[in-house]
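Below are the chains, spelled out letter by letter.
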Amino acid sequence: MDGNRCLDSELMIIELENIGVRANAIDETIAAADIGLDTLGARLTGPVRFRGETVRVDGKAHLRGTLQVGVTVDCSRCLEPIERPTELFFDAIFVSSDMMPEDADTALTDSDLDESVAEGGVIDVADALREQILLDLPDHPVCREICKGLCPKCGGNRNLIDCKCEENEIDPRWAALKDLK
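## Looking at the overall build of the protein chain
- Each helix and strand in the protein chain was counted, giving four helices and nine strands.
- In the protein chain, the order of α-helices and β-strands from amino to carboxyl end is β-β-β-α-β-β-β-β-α-β-β-α-α.
- Evaluated residue by residue, the protein chain yields a buried proportion of 32% over its 181 residues.
- Expressed as a percentage of contacts within the protein chain between residues at least 6 apart in sequence, the contacts between residues at least 24 apart total 56%.

See below:
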């Protein structure tokens, strides 16, 4: 970063008032534990690398750049881990709380929905990166399109074993029909 330091790298906090119209470069590597993604069903496989900048445009603070991280998510069918190396560009816009309308009946525009309020006049970089990673995760990740999933009877992974649970069991509601000829 140049001259005017606005990032406290220990806390990963950017003070909104220190973001000016001249871009300040950020090149940080943040430990996976500081992002705190493990509790949401996705796990980071290493640190998050962020290269970007802060800049004020039209009175709004922008935190933008590219983040790189390895993420592991569980397949929604068979629960096997899926490695997802991620590299994505984002432009997060932050405004101070005094720029937000106080009246609950005020209509928000589409551009207002893309903005976040910088609570306490600060931007937590780890939270901003965490949000971008979560937004990039698929809703229903699958290890492969032909994933067979888990057997509902024995719980076995049908991609790895050929259980005979479905062949041997007859739904009791249909059992009477098996004697009809």
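Moving on from the coordinates now.
## Regarding the pattern of salt bridges
- Evaluation of the coordinates by the stated rule reveals eight salt bridges.
- Here D27 and R51 are joined by a salt bridge, their closest N and O atoms 3.9 Å apart. On the criterion of sequence distance, the pair formed by D27 in strand β3 (residues 24-30) and R51 in strand β5 (residues 48-57) is long-range, its members being 24 residues apart.
- A salt bridge links D162 to K164; the nearest nitrogen and oxygen atoms lie 3.0 Å apart.
- In this structure K164 comes out as partly exposed when scored by relative accessible area, which is 39%.

## A closer look at the nonpolar core
- One finds I35, L63, L67, F94, I123, L129 and I133 to be the most contacted residues of the largest nonpolar core, which totals 34 residues.
- If you list the elements that add at least two residues to this core, you get β3, β4 (42-44), β5, β6 (60-74), β7 (81-95) and α3 (125-136).
- The element best represented in this core is β6, accounting for six residues.
- Look past the residues within four positions of L129 in its chain and what remains in contact with it is I30, I35, V48, F50, L67 and F90.

## As for the pairing of β6
- Relative to β6, β4 runs antiparallel, the two being bridged by three bridges. Residue pairing for β6: L44 is matched across the bridge by V71.
- Both β5 and β6 contribute to a ladder of nine bridges, which runs antiparallel. Bridge pairing in β6 places R49 opposite Q68.
- Between β5 and β6, which pair antiparallel and follow one another directly, the connecting turn spans two residues, one of which, D58, has a positive phi of 50°.
- As paired elements, β6 and β7 share 14 bridges and run antiparallel to each other. Bridging across to β7, V69 finds its partner in T86.
- Adjacent in sequence and paired antiparallel, β6 and β7 are bridged by six residues, among which L79 carries a positive phi angle near 70°.

So, how was this worked out
- Residues numbered from 1 in each chain as written.
- Predicted model: local features only at pLDDT ≥ 70, side-chain atom pairs only at ≥ 80, totals over all residues.
- Heavy atoms only, no water.
- Helix = DSSP H or I, 4+ residues; strand = E, 2+ residues; numbered from the N terminus.
- Buried < 20%, exposed > 50% of the residue type's maximum accessible area, 1.4 Å probe, protein only.
- Contact = heavy atoms within 4.5 Å.
- Salt bridge = Lys/Arg side-chain N within 4 Å of Asp/Glu carboxyl O.
- Core = buried A, V, L, I, M, F, W, Y, C linked by side-chain atoms within 4.5 Å.
- Pairing = 2+ DSSP bridges.

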